[in-house]
Amino acid sequence: MIQGLFPSGASGSLPDCSPVKVWSFTGHTDRSNGVAMDLQGNVYSGSDDKTLRKFSSAGTQVWSFANPKTPGNIRCVAVDVQGNVYCGGDDMNVYKFDSSGNKAWSSSGHGSTVWGVAVDLQGNVYSCSYDKKVKKWSSTGSLIWTFGGHTGAVRAVAVDLQSNVYSASGDDSGDNTARKISSAGSQVWSFTGHTKRVSGVAVDLQGNIYTSSLDKTVRKIDSAGSQVWTSTGYTDGLSCVAVDLCGNVYTCTNDESYTNLILIKIDSSGEQVWSARKKMYSPTAVAVGLQGAICIASNFYPTEEHESVHKFTQTADAVLYLASGKKTPILCKSIQKNGTDYYVR
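Residues numbered from 1 in each chain as written. Predicted model: local features only at pLDDT ≥ 70, side-chain atom pairs only at ≥ 80, totals over all residues. Heavy atoms only, no water.

**Student:** Whenever I open this one, the overall build of the protein chain confuses me. Can you help?
**Tutor:** What the protein chain contains, in helices and strands, is zero helices and 33 strands. By the burial criterion, 59% of the 345 residues in the protein chain qualify as buried. Long-range contacts, defined as pairs at least 24 residues apart, comprise 41% of the intrachain contacts of the protein chain with a sequence gap of at least 6. Accessible surface, the protein chain as shown: approximately 14000 Å² in total, 47% of it carbon and sulfur. (Helix = DSSP H or I, 4+ residues; strand = E, 2+ residues; numbered from the N terminus. Buried < 20%, exposed > 50% of the residue type's maximum accessible area, 1.4 Å probe, protein only. Contact = heavy atoms within 4.5 Å. Areas by Shrake-Rupley, 256 points an atom, 1.4 Å probe, with all protein chains shown as cover.)

Structure, rendered in structure tokens:
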């Protein structure tokens, strides 16, 4: 039985769970476009400096791949459960690397920049492009299918546990949609609620979809394609979105002066948990790890020595008081509020 829930060293209120910066990487020489984290907490980034990099959870560079092609900017990155890494970019190719940074394969077939990449539990890879296509590749790099239902550039892609695929698009054509595509490559539904470009898409363990958009909204869409909620009130368009294992959603935007980045956490019911203003500029991607770590890729802030990959943690602890008199420390990322009561997920 739960007797009470209080912050460590205090009583009666929920602790501040807003993120604290752990490290920033300054080695990229141009904007970072993509970021991902693996099960061990390693971080991966892709950049306009034509490099793909792996960092330890402490922020130390492990390896770097330099794309020899021109153009060779890397626009997106993903990682699978074995630590294999995938990326794509301006050279229109999709790449797979092993956990040590050795290239396993590269596949061509897109007709323009590859802007998004994702991988399922079977190692199949999904890519999307400005060529308005979504493609599925086998774990060995062979093309399985191409989806051509979009009429605008496809900006982001995600995949669920059943290998259903979700794509986000939008450009001057007006195709500001999020779509669900079956594992066989057929469209299941199209969501048309956004009024501007859909810039990011993520999916949770229950098959709910989350989208970010330049229309300054984040939306939750259920597995059948119906809108559940909309989060509004942001000063600029939202460039990216991620979701954790508890269904909490993370997104980024610029502040009104375009001199700071605002990182926002939204709970599974659509209520904002916190927002944090950080000295960064122009966010491009966000990822969340198993232990509440958050990583952001961004453009350079002029005075911050090329800091373009950033790791944050939600570190505040709380103490769970049981009726037996025992005290159990917990991470506050597990705490949710229901009216005036706090409970643990």
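**Student:** Explain the nonpolar core to me, please; I cannot follow it from the model alone.
**Tutor:** In globular proteins that are soluble, nonpolar side chains generally tend to be buried together. In this structure, Cys-252, Leu-263, Val-286, Ile-294 and Ile-296 are the most contacted members of the largest nonpolar core, which totals 14 residues. Elements with a minimum of two residues in this core: strand E24 (249-254), strand E25 (261-266), strand E26 (272-278), strand E27 (281-288) and strand E28 (294-299). In contact with Val-286, other than residues within four places in its own chain, are Val-35, Cys-240, Val-241, Ala-242, Tyr-250, Cys-252, Leu-263, Ile-294, Cys-295 and Ile-296. (Core = buried A, V, L, I, M, F, W, Y, C linked by side-chain atoms within 4.5 Å.)

**Student:** Explanation requested: the side chain of His-194 in the structure shown.
**Tutor:** Within the secondary structure, His-194 is located in the loop between strand E18 (187-191) and strand E19 (198-203). In this structure the side chain of His-194 is engaged in a polar contact, spanning 3.3 Å, whose partner is the side chain of Arg-219. For His-194, the contacting residues outside a window of four places in its chain are Asn-176, Thr-211, Ser-213, Asp-215, Thr-217 and Arg-219. (Polar contact = N/O pair within 3.5 Å; in protein donor to acceptor, adjacent residues only side chain to side chain.)

**Student:** Explanation requested: the sheet that holds E26 in the structure shown.
**Tutor:** Backbone hydrogen bonds are what pair the strands of a sheet, in a parallel or an antiparallel way. The strand order E23-E24-E25-E26 describes an open sheet built from four strands, whose pairing is antiparallel. Every interior strand has two partners, whereas the edge strands, strand E23 (241-243) and E26, have only one. Taken over all neighbouring pairs, the strand axes of this sheet differ in orientation by 20 degrees on average, direction set aside. Pairing analysis gives six bridges linking E25 to E26, with the strands arranged antiparallel. Its bridge partner lying in E26, Lys-265 is registered against Trp-274. (Pairing = 2+ DSSP bridges. Axes fitted to C-alpha atoms, helices over the stretch in contact; angles between N-to-C directions.)

So yeah, pure geometry; function would need other evidence.
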